[in-house]
Amino acid sequence: MRSKKIVRFMPLIIALSIILGIVLGSFYANHFQGRRLNIINTSSNKLNDLLHIVNDRYVDTVDLNDLVERSMPQIMGELDPHSVYIAAKNAQQANDDLAGSFSGIGIQFTIRKDTIHINSVIKGGPSEKVGLLPGDRIVKVNDEDFVGENCTNDEAMRRLKGTKGSNVKLGIKRRGNDNLLSFTVTRGDIPVNSVKASYMVNKEIGYIQIDKFGETTYPEMLIALAKLNQMNFKGLIIDLRGNTGGYMGAAIQMVNEFLPNNRLIVYTQGRKSPREEYKSDGRGSYQDLPLIVLVDEGSASASEIFAGAIQDNDRGIIIGRRSFGKGLVQQPIEFGDHSVIRLTIARYYTPSGRCIQKPYKKGHDEDYELDLLTRYEHGEFFSQDSIKQTGEAYQTVLGRTVYGGGGIMPDHFVPQDTTNITSYYRMAVNQGLIVQFAYEYTDENRQKLNKYDDENDLASYLKQQNIVEQFVKYADNLGLKRRNIMIQKSQKLLERVLAGNIIYIMLNDEQYAKFLNQDDPTVLKALDVFKKGESRPKLETPSQPKEQKTAQLTGIFTERNMNPYSIALNGQV
């Protein structure tokens, strides 16, 4: 009898149980997951509702996917200057820059006159194996013409990069050959080296130039150090000028090689990221090696972690100009379509406690983007007296005073040299005529230039050819009128810049660095500090006088881009 009653009320019991479960579930969701979840859901639903309304009622047909793609950068731009959205088509390229390798055909190229020009062919790479040469022009890809307005950098990357082991057929125009040549290249792994140069500046001092902090930078640095060790180097210059950063982990590993045990390297902290400290483990092989680090306004992020750790631990001397001032940590988050956001989740701090992120306003901050120009106009590239420090004061291990507020202020300031810069020279640079001439001169004279495998021998040959006069005639034909007095004043600078560009095209990164560094003021200052035995900081010679405080203005390009000795490649594939 009792069992029959239970059966009769069973549907009601089940219904009540379901209702109770819903009520309890809602209660726990609201109270234990926090109100923020509801706010996020509400905002998310509002955005979704907006898209549905636009899709249903807007006067014209709307591509919602395109609308979302264009909206994402705007949303991220309302956070901070370094939180960004990367579309799926660009995500792989962004990763390749730091990955240490990618799959491609193994060339460096520029696009000139709507045509791909091969500047260099990577040794041992797929293109060298089939016989492609510097100076070749790619005019067809997989039997389709690839010249004209469709020949863009993005499209070249898309067509020439690809899966390892896949083939791409190239139609090549080669100087001195009237026929179109055909090559089939099998794509392979192409190394992306971040250590660009490692050599002995003199009999005792080694030099390493690092242009980014990627997955392979640490082992590359160890190889470079081992090479210098075989040459019995007694001191080291690490050149981080123009190094915009990369992986924090790589910087930590590298600093660890130079610090004694249990020294703080960097720590990070954010609203949802508890303080996390990174310390040296005492296993570094170069803890007592005299060390100097070169920085400038183009040195950012991981470069500043490295320089800040060396400075705050009084491990070495920093020389150059104030660094960029990026102290925000980004975490990559990938979406289902392989697009990525790099979201700022924390700030990083140097061992003394400095956050070196320069000030910014949330949203699209034009002052932040134009900061380098402001700094240049204030004369901060040319005079240390123009830098007024206003950031909070901190102490290094020895008790030297350093300042927060944005960037790393070097122990020795080296101004930008503008002695031989004239308006003629500036116009030649700004119009791209120097780089353009270097490419065309190299193409026309490659057979003669191939005889030289030493940077100084090649520079001497170019001087004998009166390379400046050849450039002046070339520029005059393109609308930059001859100005004899200005040309005479800029003669030495033009000679070096033109030779430097041609050396870069014909030889390699290391020989290019050797050539530039021979009379580079910052490198010469470092050598002078070594010569005086002052590569270890001392309390009685503080890096920054206490009466001088800074508003640390920073920038986004480097002296070598301004001068410019560097070559503007379109890319590497």
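So, here's what we can say about the structure. (Residues numbered from 1 in each chain as written. Predicted model: local features only at pLDDT ≥ 70, side-chain atom pairs only at ≥ 80, totals over all residues. Heavy atoms only, no water.)

What follows deals with the overall build of the protein chain. In terms of helices and strands, the protein chain carries 20 helices and 23 strands. Relative to its 573 residues, the protein chain shows a buried fraction of 48%. A fraction of 73% describes how many contacts in the protein chain between residues 6 or more apart in sequence connect residues 24 or more apart. Of the roughly 29300 Å² of accessible surface on the protein chain, a fraction of 51% belongs to carbon and sulfur atoms. (Helix = DSSP H or I, 4+ residues; strand = E, 2+ residues; numbered from the N terminus. Buried < 20%, exposed > 50% of the residue type's maximum accessible area, 1.4 Å probe, protein only. Contact = heavy atoms within 4.5 Å. Areas by Shrake-Rupley, 256 points an atom, 1.4 Å probe, with all protein chains shown as cover.)

We now examine helix H9 (residues 302–312). Taken across its 11 residues, H9 has 11 buried, putting it largely inside the fold. Taken together, the buried positions of H9 are Ala 302, Ser 303, Glu 304, Ile 305, Phe 306, Ala 307, Gly 308, Ala 309, Ile 310, Gln 311 and Asp 312.

Here we come to helix H15 (residues 467–477). Three or more residues of H15 are buried, namely Ile 467, Val 468, Phe 471, Val 472, Tyr 474 and Ala 475. Within H15, the buried residues cover an arc of 165° as seen down the axis, which keeps them to one side. Against the buried residues of H15 lie helix H12 (423–430), helix H13 (433–449), helix H14 (455–464), helix H16 (484–489) and helix H17 (491–506). Where H15 terminates, the next one or two residues include Gly 479, which has phi positive at roughly 105°. (Arc of directions from axis to C-beta.)

With mixed pairing, the six strands of this open sheet are ordered in space as E10-E11-E12-E15-E16-E22. The open sheet has two edge strands with one neighbour each: strand E10 (195–200) and strand E22 (412–413). Pairing geometry for strand E11 (residues 205–210) and strand E12 (residues 235–239), over five bridges, is parallel. Paired with Tyr 207 across the strands is Ile 237, a residue of E12. Where helix H18 (residues 509–517) meets the sheet, it contacts E10 and E11, and its direction lies at approximately 60° from that of E10. (Pairing = 2+ DSSP bridges. Axes fitted to C-alpha atoms, helices over the stretch in contact; angles between N-to-C directions.)

Moving on: the side chain of Arg 112. By the secondary structure assignment, Arg 112 is in strand E3 (residues 107–112). Judged by its relative accessible area of 13%, Arg 112 is buried. Polar side-chain contacts of Arg 112 include one of 3.0 Å to the side chain of His 117. Not counting the four nearest positions on each side in its chain, Arg 112 is found in contact with His 117, Tyr 439, Glu 440 and Asp 443. (Polar contact = N/O pair within 3.5 Å; in protein donor to acceptor, adjacent residues only side chain to side chain.)

Turning to the packing of H15 against H17, a few remarks are in order. If you want to describe how two helices pack, look at the angle between their axes and the distance between the axes. Remark: H15 packs on H17, axes separated minimally by 9 Å, with the N-to-C direction vectors making an angle of 90°. Between H15 and H17, the interaxial angle falls into the category roughly perpendicular. Residue-level inspection shows Ile 467, Val 468 and Phe 471 of H15 in contact with H17, the latter providing Gln 491, Leu 494, Glu 495, Leu 498 and Ile 502. By residue class, the composition of the contact of H15 with H17 is six nonpolar, one polar and one charged. (Parallel < 35°, antiparallel > 145°, perpendicular 65-115°, else oblique. Nonpolar A, V, L, I, M, F, W, Y, C, P; charged D, E, K, R; others polar.)

Turning to the packing of aromatic side chains, a few remarks are in order. This model, assessed by the stated rule, comprises 10 aromatic pairs. With centroids separated by 6.2 Å and ring planes inclined at 55°, the aromatic side chains of Phe 233 and Tyr 286 adopt a geometry described as tilted. Remark: Tyr 286 occurs in the loop between strand E14 (276–279) and strand E15 (291–295) and Phe 233 occurs in the loop between helix H7 (217–230) and E12; sequence separation between them is 53 residues. Owing to a relative accessible area of 6%, Phe 233 belongs among the buried residues under this scheme. Ring plane angle 75° and centroid distance 6.2 Å describe the contact between Phe 258 and Phe 306, whose orientation is recorded as edge-to-face. Residue Phe 258 is located in the loop between helix H8 (248–256) and strand E13 (264–269), and its partner Phe 306 is located in helix H9; the two are separated by 48 residues in the primary sequence. Residues Phe 258 and Phe 306 agree in their burial class; the two are buried. Taken together, the ring pairs connect Phe 233, Phe 258, Tyr 286 and Phe 306 into an aromatic cluster. Taking NZ or CZ as reference, Lys 161 lies 4.4 Å from the ring centre of Phe 102, over its face. The ring centre of Phe 324 lies 4.1 Å from the NZ or CZ of Lys 358, which sits over that ring. (Phe/Tyr/Trp six-rings, centres within 6.5 Å; stacked < 30°, edge-to-face > 60°. Lys NZ or Arg CZ within 6 Å of the ring centre and 35° of its normal.)

This paragraph deals with the environment of Ile 408. One can find Ile 408 in the loop between strand E21 (401–403) and E22. Considering only alpha carbons, one finds Ile 408 and Glu 297, 111 residues apart in sequence, at a separation of 9.4 Å.

This part covers the environment of Lys 234. Structurally, the position occupied by Lys 234 is in the loop between H7 and E12. Sequence separation between Lys 234 and Leu 291 is 57 residues, and the spatial gap between their C-alpha atoms is 9.5 Å. The residues touching Lys 234, leaving out its near neighbours within four places in the chain, are Glu 204, Leu 289 and Pro 290. There is a polar contact of 3.0 Å between the side chain of Lys 234 and the backbone oxygen of Asn 232.

Attention now goes to the packing of H17 against H18. Here H17 crosses H18 at 165°, and the two axes come no closer than 9 Å. Looking at the two axes, H17 sits roughly antiparallel to H18. Crossing of H17 against H18: the hand is right-handed. Between H17 and H18, the contacting residues are Arg 496, Ala 499, Gly 500, Ile 503 and Tyr 504 on the first element and Asp 509, Gln 511, Tyr 512, Phe 515 and Leu 516 on the second. Residue composition of the contact of H17 with H18, by class: six nonpolar, two polar and two charged. (Left-handed = near helix turned anticlockwise from the far one by under 90°.)

According to the stated counting rule, one finds 28 salt bridges in the structure shown. Across the pair Glu 440 and Lys 113 runs a salt bridge, and its minimum N-O distance is 3.7 Å. One end of the pair, Glu 440, is in helix H13; the other, Lys 113, is in the loop between E3 and strand E4 (115–121), with 327 residues separating them in the sequence. On the basis of relative accessible area, Glu 440 is assigned to the buried category, the value being 16%. Under the relative-accessibility criterion, Lys 113 is labelled exposed at 69%. In this structure, the salt-bridge partner of Arg 283 is Asp 281, at a minimum N-O distance of 3.1 Å. With a relative accessible area of 33%, Asp 281 lands in the partly exposed category. (Salt bridge = Lys/Arg side-chain N within 4 Å of Asp/Glu carboxyl O.)

Moving on, we come to unusual backbone geometry. The backbone phi angle of Asp 114 is positive, close to 60°, even though this residue is not glycine. Inspection of the secondary structure puts Asp 114 in the loop between E3 and E4. Overall, Asp 114 belongs to the partly exposed group, its relative accessible area being 43%. Within the chain, Asp 143 stands out as a residue other than glycine whose phi angle is a positive 65°. Secondary-structure assignment places Asp 143 in the loop between strand E5 (137–141) and strand E6 (144–145). Under the relative-accessibility criterion, Asp 143 is labelled exposed at 55%.

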